[in-house]
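Report on the structure
Below, each chain spelled out in residue letters.
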Amino acid sequence: MLRPLAKNDYDWHPERSDSGPITMVVSAADQAVYVYRNGNAIGRAAVEVAGIGSLGEHVFALLEGSTGRLSTLAPAARRAAG
């Protein structure tokens, strides 16, 4: 069991997995974001989830590579195609 995080608190241990894809999970119930690299927990931080309703069950994937179009997740970013 992890200790609860205070506002603006975080744990960060990127040395637990030095390369590979990153997965981030936001939990409204825990008021935390969890960060995994290659399935290994490398960090977590307190977050405030505000608004009406739940976060739902959404998945966003940002993959390496590009179509050369603007990113809908990072509108100022354009990556070279190929």
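Residues numbered from 1 in each chain as written. Predicted model: local features only at pLDDT ≥ 70, side-chain atom pairs only at ≥ 80, totals over all residues. Heavy atoms only, no water.

1. A word on the sheet that holds strand β4 (residues 40–46)
If you trace the four strands from one edge of the open sheet to the other, you get β1-β4-β3-β2, paired in antiparallel fashion. A strand with exactly one partner marks an edge of an open sheet, and here the two such strands are β1 (10–12) and β2 (22–27). Going from strand to strand, the sheet's axes swing by 20° on average, the running direction of each strand aside. As paired strands, β2 and strand β3 (residues 32–37) are joined by six bridges and run antiparallel to one another. Bridge assignment links S27 to a residue of β3, and that residue is A32. (Pairing = 2+ DSSP bridges. Helix = DSSP H or I, 4+ residues; strand = E, 2+ residues; numbered from the N terminus. Axes fitted to C-alpha atoms, helices over the stretch in contact; angles between N-to-C directions.)

2. So, unusual backbone geometry
A negative phi angle is the norm for most residues apart from glycine, just as the trans form is the norm for most peptide bonds. With a phi close to 65°, N8 is a non-glycine residue in the positive phi region. In this structure N8 comes out as exposed when scored by relative accessible area, which is 68%. (Buried < 20%, exposed > 50% of the residue type's maximum accessible area, 1.4 Å probe, protein only.)

3. Topic: the pairing of β3
Taken across its six residues, β3 has five buried, putting it largely inside the fold. Between the antiparallel neighbours β2 and β3 lie four residues, among them Q31 with a positive phi of about 55°. In terms of strand pairing, β3 meets β4 through six bridges, oriented antiparallel. Each bridged residue has a counterpart across the sheet, and for Y34 the counterpart in β4 is R44. In textbook terms, the turn of a hairpin is the stretch between consecutive antiparallel strands, and for β3 and β4 this stretch comprises two residues, one of which, N38, has a positive phi near 55°.

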